[in-house]
Every structure is written in structure tokens, then in C-alpha cells.
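# Examination of the molecular architecture
Here are the chains, one letter per residue:
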Amino acid sequence: MSQINIKIDGQEYTTNEGEYILNAARANDIFIPAICYLTRCSPTLACRICLVEADGKQVYACNAKVKDGMEITVNTPNILKERKAIMEVYDVNHPLQCGVCDKSGECELQNYTLEIGVDSQSYSIPDTKRETTNWSSVLHYDAGLCIVCERCTTACKDMIGDAAIKTTKRGGAALDKGLKGAMPKDAYAMWNKLQKSVIAPSNGTEFTDCSDCGECAAVCPVGALVSRDFVYTSNAWDLKRVPATCAHCSSGCQIYYETRPASIENRDEKIFRVTNEWNYVSLCGAGRFGYDFENRVEGKDKIAFAKAIEAFNKAEVIHFNSTITNEEALMLQTLKEKKGVKLINREARAFQRFLNCYSKASGNSLYTTDFKEVMASDFVMSVGSSLRNDNPNARYAFNSVQKMNKGAGLYFHPVGDNLIPSFGKTIETFAHKVGHEEAALLMIIKLFADESKLPSSVKEQLDTDFVELLGGDTEKFDKAMVKMLKKKENFSLMIGEDLYFHEKAENLAKLIAVIEASSDVKVAMIPPKTNSLGVALICDLDNEASGYTIGYNESGDFRLSALGDGDLDIPAMNQQEGTLTNMHKRVTPTNAALEYNGYELNDIMGEILSAPKETIDWTAYLPTDRGFKAVEFDSLPNGYTNDGTENRGYLLDTTSTDVDEVTVDKFDDGKTLDGDIAYRCNPQRQFNDFSDKSHQIFEEFGLYASASKAESLGKRVIVEFDKGNLTLDVIVDERMEGDIVAVPDFKSAENIYELFGESRYKSVVIREV
């Protein structure tokens, strides 16, 4: 994007061509008031206080784009008069309950009232009673405090993709039309809107049909939308903000744990809520509401610690998952190198194998793009991931391309999902058979590759009608693609966990390398769990092992557990300092929100091997040959600049080398699963034992199915696998379509990976109990 020069209040600045005036000003640290505008959403012109003068003409800064040489004046006498009149309208009937309002101390209505100098009231009108309501299990709406700025509806539509709430009409007192001439035009329009409008669920009921992410509450500038759990529990100014990284999925989102003592009597710190820098990143429901999973212990259990040392000294295997820091992963790798133990982490090992196959075929040390770049593309594709469930930020990116970039998309997945097509009108979905993932990638090659750059082993496979094979209508698809490709320049492909746990994973990795080498499509991969990428880069993982086993938040002969149910307690992620490696290939710092009084893995390392004093002393020793940097933990930055640039930790160093032409195996369209099929996939907001422990995460462990499939199954079933059975309640997922059922893996005690083995899909027998 080219740079241009503009002037704001006589001072020259540089900005991106096509940027909105408001964003250009913010990026250059210039304040223009705006209540309704959200940086990553489409402008709504709901508040109108961002009025400025551009080249002598009054325009709204949120909706007017800069031009080279443009001269902008932020404040003129007329503009200041307009803004003050609008703020008076906002304030006229707003309840004066600031002392107890949950937003007091961080309320934008308070801030702008003071900033714009509203010290008297010129208008009055009878108010209308507006009832409070609970929209969902986590959302509380107070219509009396609502200023109808439409931030919530815009965020839900443009950021999240649920479109679960909307502005709707309500009864209100009649407007005094005599004020129309006495009031500035924009102030009168605002008055009219406030009297006649309210926010409500889009489905026409009292309850939202949404993913319960809480983004609407995060962006609300007043106290109208609040978490039900937080209502009237604490003042904002009493809370301490602890910057951290969300520990639930591989997005590694920026969060703040907000804490204070639990009560006057109990001075132990308690997490009251999680907030985020919503201008720059969105959270899912697990990140926002799944925060109280700490492991509280009274002190150090010396007897249990002695047993732990004994167990480690005779251990042959360490079985762990990816809900650990990079520093802990390095400790485990050190144990492997010094003591010869085997390291078992099934989700990270599958990802590691896939990355190695991809690197060998492409010459790239890591995938070529990240999900911020995906969000900036205008044609996005997804293969091998149930976006709604696997990774919320990947889903948000897919939605944002449609809403914000006027983009198009292709979605390939065996499990039908009626949410994805609702993101935009130029999306084609393929609910293909399990086993046709290679065909999906070959179809992408056929659509986008430069044939002259293709290896012969791929060229000879492109005569197949992949659209028909994958369940589509070729004639309709070809017509749709003409429209979808119009004016499209930036293409991206998201790859998910289905491909890592696949019989033909190596061949799939080769096909992805071919896509990158022969087309303009950039590829991003979704690591399967919290720190799977970090573990895959740091640890030399084993496929299988036997012998005396230490379980680190997993099963074993001796268990270290942050859930409080093991042989030795260890801290949970909200009680630890360290770093995580997220799907954006960024190493991000996280801090302890709550004190932990027990032993940590580093204490064990110090007892059986030489080790640094603190866990974070390992940070500078993360392997530089795998892309990490020799930077001390306390030197890592942790924030964003006003223009949205992320300064959290650092990006992994990546390398690229030339490779020989790859030979791709011939695709066998007969290798598919039939009959009853189970898919290893968690419900929304559930990722691991720790999201499950959190009291505001309600999604249960059960068999998830579409409404039609659930009706045929009954209320409770036995699912028979080759290696064992599960007895599960049947739970309807209204978004699912088709006959494939989903079995969660968020409870480690259920050993779901043992049942599914090297695949996310299994042919099963399902019998009603």
C-alpha cells in the first residue's frame, strides 16, 4: 500500500493511501473523538462526533478516506458546537448511576462528556422505561444504559461473524419537532435514534443464538453490556491488570487478567474478569470467560516432591500435552538429552511430522504467512479444519475477508456447518467425503496454479472433475467463480488439524508446497493445541514408547497435575510466567495473574539436573536454530502501537532454501470412510481440561450431532471404536449438518487420542443405550 502525505491542523503526516481519516489521525497520535467506530469494522456513522473539516468541507472522519495533499482541521467553532450538542443528547436521559455502574472509571461517555465540555443541559424529554435482560448464559444487557452506538452489532457481524444482535425499534416518547430547527442536524438525528431504537437478538427471541464470545460486551463504551458474572462485583479502578497470553488455543491472543483481593476477609488475589485490546484483537468465549482454572495449594508438599524426584530418576517416558510454556518444553527436551527419556505428545508430534514433511518439500522452515495476513487477503480458502470449533481466530479471519475486504472464499470440510455460508454471498462450501482432502488441494492447484511451474506428478492428476468429486455442481461453480475472482489480488489458504492426523499427511504436505511454489496462494497452518508449534520446534518427540511414565497433565504412573488431581501439584497457566508460540509464528510473553505456593517443573529440574533459578531464566536459551531468539524474558515487549502494530514478544526467524522438484503420490479417490463416522472435535469454547474447569464454560462432554442425526440416535449412545467404547449423551449442535458426529477431546482423562489414533475420523458403531 503506497504512502501519501496529508496535513492535520497544519502539521504534515504520512499515512497509507485509502485509509480513513480517523485511522490516519490515530496512527499519528492525533485525537479525534469517536464513540461508534471500531478499527477493524465497517463504519456505521452512528455517533457522528468524529466530524472534521477536510479541504474546507465537513466530513465524518470514520467514513472519509484520505487523499494525497489533503488538509484536515480537527476542530472548528461549528464542529465543536455540533459535538457538544450531540453529547448533550447522549447525556440527557442517561441514568446517573456512575458510582455503581460497572463501566465507571473506564466509561467513554464519561470521558467524552468531560473532553467536549458538557457542563449544562439544553434539552429535556420524557424517558421511556427500558428493562434489563440476560441475552445468554454470559451476557447481561441494560437497555437503560445503552446509547445505541451500534458497536456491539458491528463487532458481532464484522469481527465475529455471528450477526446475533441488531438495532431494532422500540416505543418511545414523541419527539418535539420544534427542536428540529433549534438543534444542530446531527444532534437531532441522534435524539431521534436514541428515542426509537434498542439492541435486541437478531432471531426475534429474548436470547442470542451466538458463540458466547463476549466481544459485544468488550467493545461497549458504557455499562449497557456486561458479563453476567461481573455485574456489580467490582469497580474498574480496584482491579489490577496483568498482561498475559490466552492459554486455551493456538491463537495465543493478548489478554489482561484483572484481579483484586477476593473480599475484605479473604485477601487472596482473585481473577474477576478478562479484558483485551479489542481495537486490535478479538477473543473467543474461552479466552474471555474461561479464566478461573488456577490450582490453589496451601504450600509446598515436600513428601510429594520427594516422590516426584524418585519418579523422574527412574522415568523412561514423559507423557504431556501442549498446554505448557516454551520454557517447560525446553526443560523436557533437556531431560531427553541428559537422561534419555522418551517424550510423548500426540497432537504436537503429528504437527511436527507434518511440518517436517512440508519443510522438506518446500524448503521453508515454516509456513509462509500468518493469520493477520490472511485477514488482509480478499480470497480465502480453508482445508482440513472445522473453523467454528478448532480455532476462533481462523474463523474470524475467514469472516473478516468477506465482510471487510469484499472477499470470497472456499471452505472444504466433511462436517457441514451452516454458519460459514452466512459470512458472505461469495462463499462456496464443499462437504466432501472423509479421505478426499488430497482432492481439495488438487482442486486448488487446478484453479490457481501456473501449470508451467507444476511437477509432472501433479499435472497428470488434474484431468479429474474435482468439483463434482467433492460434491459440487461444476457448471454452477464455474459461473460462481467468475464472480468470486473478479478484482481479487490476494489469495490465502488455511490448513488445519485434519491434515496432520491423516494417513496421507506426507503427500498432503507436498501438495501444499506445490501450491505455494506454483501460485500466488499463501499458506497459514493452524497448530492443533495451545503451544503445539512451540513444542514441535523445541522437543524431539517420539511416536510411541513404553516403560515407567511421568504424566504432565496427562495419564502416567506418576502424575504432575495443574488440576489438583495428581501425585504432585503444579501451577496452571494463569499462575505461570513464560512464553508461548502462537499460530502467527510469534513468541509471546505471559505473566502470572495469581500466586502459586507449590513446586514447579523448574524445581524438579534443579534437583535432578543443573537448572536456572527461575522458569523464565530458560527463555534466553530457547533454540535459535529453530527460529527463537536469545532474548531474556524481562526484555520482551508486550503491547500494540496506535496504528495496530503488534509489539508482543517477537516473530520467529524463518529460512528458505531451494529444493528439488517434489514427486506427489497419485490420489486414490476410493480411500474414503463410509457408515457411521466419528470426528474428534471439541464444541465451541472448549479446548482442554482448563477451559472445562472454568465456571462460565458450560459446553458438556458428549456426542455432538446435527439435529436430524441426533433425532435418529436417541438421548444416550454407546460409541464403539476398535480400541474401546464410550457412553455419551447426545447433544444437538444446531450449526452442524450431515451425519458425521463429533466426539470431544478436551477431557484428558477420557484418553480420546487412544481411541482415534493417527486420525481425527474413525468408522464407528453407534448404538442407543
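Residues numbered from 1 in each chain as written. Predicted model: local features only at pLDDT ≥ 70, side-chain atom pairs only at ≥ 80, totals over all residues. Heavy atoms only, no water.

Another point: the overall build of the protein chain. Each helix and strand counted, the protein chain has 25 helices and 37 strands in total. In terms of overall dimensions, the protein chain is globule-like: its C-alpha atoms have a radius of gyration of 27 Å, near the 27 Å expected for 769 residues. Dimensions of the protein chain, computed from C-alpha atoms along their principal axes, come out at roughly 85 × 70 × 60 Å. Taking all 769 residues of the protein chain together, the buried fraction comes to 60%. (Helix = DSSP H or I, 4+ residues; strand = E, 2+ residues; numbered from the N terminus. Rg over C-alpha atoms; globule rule 2.2 N^0.38 Å. Buried < 20%, exposed > 50% of the residue type's maximum accessible area, 1.4 Å probe, protein only.)

Okay, the nonpolar core next. If you look at the biggest cluster of nonpolar residues, it comprises 140 residues, and the most contacted ones within it are Leu441, Ile495 and Met525. Apart from residues lying up to four places away in sequence, Leu441 is in contact with Val383, Leu493, Ile495, Leu499, Leu508, Leu511, Ile512 and Ile515. Among the nonpolar cores identified, the runner-up in size contains 48 residues, and Tyr90, Val148, Met183 and Ala217 belong to it. (Core = buried A, V, L, I, M, F, W, Y, C linked by side-chain atoms within 4.5 Å. Contact = heavy atoms within 4.5 Å.)

Two elements in contact, helix H10 (residues 326-339) and helix H22 (residues 601-608), have axes whose closest approach is 10 Å; the angle formed by their N-to-C orientations is 25°. In terms of orientation, H10 and H22 fall into the roughly parallel class. Our pair here, H10 against H22, has a crossing hand that is left-handed. Residue-level inspection shows Glu328, Met331, Leu332, Thr334, Leu335 and Lys339 of H10 in contact with H22, the latter providing Leu601, Asn602, Met605 and Ile608. Among the residues making up the contact of H10 with H22, the classes are represented as six nonpolar, two polar and two charged. (Axes fitted to C-alpha atoms, helices over the stretch in contact; angles between N-to-C directions. Parallel < 35°, antiparallel > 145°, perpendicular 65-115°, else oblique. Left-handed = near helix turned anticlockwise from the far one by under 90°. Nonpolar A, V, L, I, M, F, W, Y, C, P; charged D, E, K, R; others polar.)

Moving on to a negative patch on the surface. Taken together, the side chains of Glu577, Glu614, Asp617, Glu632 and Asp634 make up a negatively charged region of the molecular surface. Here Glu614 is to be found in the loop between H22 and strand E27 (638-640). By relative accessible area, Glu614 is classed as partly exposed at 40%. (Patch = residues over 30% accessible without salt bridge, like charges linked within 9 Å, V, L, I, M, F, W, Y side chains within 5 Å. Areas by Shrake-Rupley, 256 points an atom, 1.4 Å probe, with all protein chains shown as cover. Salt bridge = Lys/Arg side-chain N within 4 Å of Asp/Glu carboxyl O. Lys, Arg positive; Asp, Glu negative; His and termini not counted. Charge placed at Lys NZ, Arg CZ, Asp CG, Glu CD.)

For helix H3 (residues 108-116), every residue scored as buried is listed here: Glu108, Leu109, Tyr112, Thr113 and Ile116. One side of H3 holds all its buried residues, which, seen down the axis, span an arc of 135°. Counted as exposed and oriented over 90 degrees from the buried face of H3: Leu114 and Glu115. Taken together, the buried residues of H3 touch helix H2 (77-92) and helix H4 (151-160). In the segment just after H3, Gly117 is the residue with positive phi, at about 80°. (Arc of directions from axis to C-beta.)

Let's shift gears to the packing of aromatic side chains. All chains considered together, the criterion is met by 19 aromatic pairs. For the pair Phe379 and Phe491, a centre-to-centre distance of 5.6 Å together with 45° between the ring planes defines the contact as tilted. In this pair, Phe379 is assigned in strand E16 (residues 379-383) and Phe491 in strand E20 (residues 491-495), connecting sequence segments 112 residues apart. Lying across the ring of Tyr548, Lys314 places its NZ or CZ 4.5 Å from the centre. (Phe/Tyr/Trp six-rings, centres within 6.5 Å; stacked < 30°, edge-to-face > 60°. Lys NZ or Arg CZ within 6 Å of the ring centre and 35° of its normal.)

To continue, consider the pattern of salt bridges. A side chain of one charge can pair with a side chain of the opposite charge when the charged atoms of the two come close. Under the defined criterion, the tally for this structure stands at 36 salt bridges. The residue Asp158 makes a salt bridge to Lys157 at a minimum N-O spacing of 2.6 Å. Of the charged contacts in the structure, one is a salt bridge between Asp417 and Arg388, with a shortest N-O distance of 2.8 Å. Of this pair, Asp417 sits in strand E18 (residues 416-417) while Arg388 sits in helix H13 (residues 387-390), and the two are 29 residues apart along the sequence. Of the two residues examined, Asp417 and Arg388, each falls in the buried class. Through salt bridges with shared partners, one network takes in Asp390, Glu497, Asp498, Lys529, Arg680, Asp745 and Arg760.

Strand order in the open sheet formed by five strands is E15-E14-E22-E23-E24, and the pairing between neighbours is parallel. Both outer strands of the open sheet, strand E15 (342-344) and strand E24 (568-569), are each paired with one neighbouring strand and no more. Pairing between strand E22 (residues 549-552) and strand E23 (residues 558-561): three bridges, direction parallel. The partner of Ile550 across the bridge, within E23, is Phe558. Of the strands in this sheet, strand E14 (317-320), E22, E23 and E24 touch helix H9 (residues 302-314), which is tilted by about 120° from E23. (Pairing = 2+ DSSP bridges.)

With that settled, consider the sheet that holds strand E3 (residues 51-54). As summarised here, the arrangement of the five strands in space is E2-E1-E5-E3-E4, forming an open sheet in which the pairing is mixed. Every other strand in the sheet has two partners, leaving strand E2 (11-16) and strand E4 (57-60) as the edge strands with one partner each. Direction aside, neighbouring strands of the sheet carry axes that sit 40° apart on average. Inspection of the sheet shows strand E1 (residues 3-8) paired to E2 by six bridges, in the antiparallel sense.

This part takes up unusual backbone geometry. The phi dihedral of Lys487 falls on the positive side, at around 60°, and the residue is not glycine. Along the chain, Lys487 falls in the loop between helix H18 (474-484) and E20. Looking at Lys487, the relative accessible area reads 76%, which means it is exposed.

So, about the domain arrangement of the protein chain. The assigned domain composition of the protein chain is domain 1 (351-525) and domain 2 (677-768). Each of domain 1 and domain 2 has a C-alpha centre, and these two points are 26 Å apart. It is Arg388, Asn418 and Phe501 that lose the most area in domain 1 upon contact with domain 2, and together they represent 35% of the buried surface on that side. Run the count over domain 1 and domain 2 and you get six salt bridges. (Domains from an automatic or database assignment. Buried area = accessible area lost by both parts, 1.4 Å probe.)

Here we come to a positive patch on the surface. Positive charge collects at one region of the surface, where Lys65, Lys406, Lys486 and Lys487 lie side by side. Its location among the elements puts Lys65 in the loop between E4 and strand E5 (71-73). The class for Lys65 is partly exposed, based on a relative accessible area of 46%.

Glancing now at the packing of helix H15 (residues 437-448) against helix H20 (residues 505-518). Taken N-terminus to C-terminus, the directions of H15 and H20 make an angle of 10°; their axes are 10 Å apart at the nearest point. When the interaxial angle is binned, H15 and H20 end up roughly parallel. Residues Glu437, Glu438, Leu441, Leu442, Ile444, Ile445 and Phe448 of H15 form the contact with H20, whose participating residues are Asn507, Leu508, Leu511, Ile512, Val514, Ile515 and Ser518. Residue composition of the contact of H15 with H20, grouped by class: ten nonpolar, two polar and two charged.

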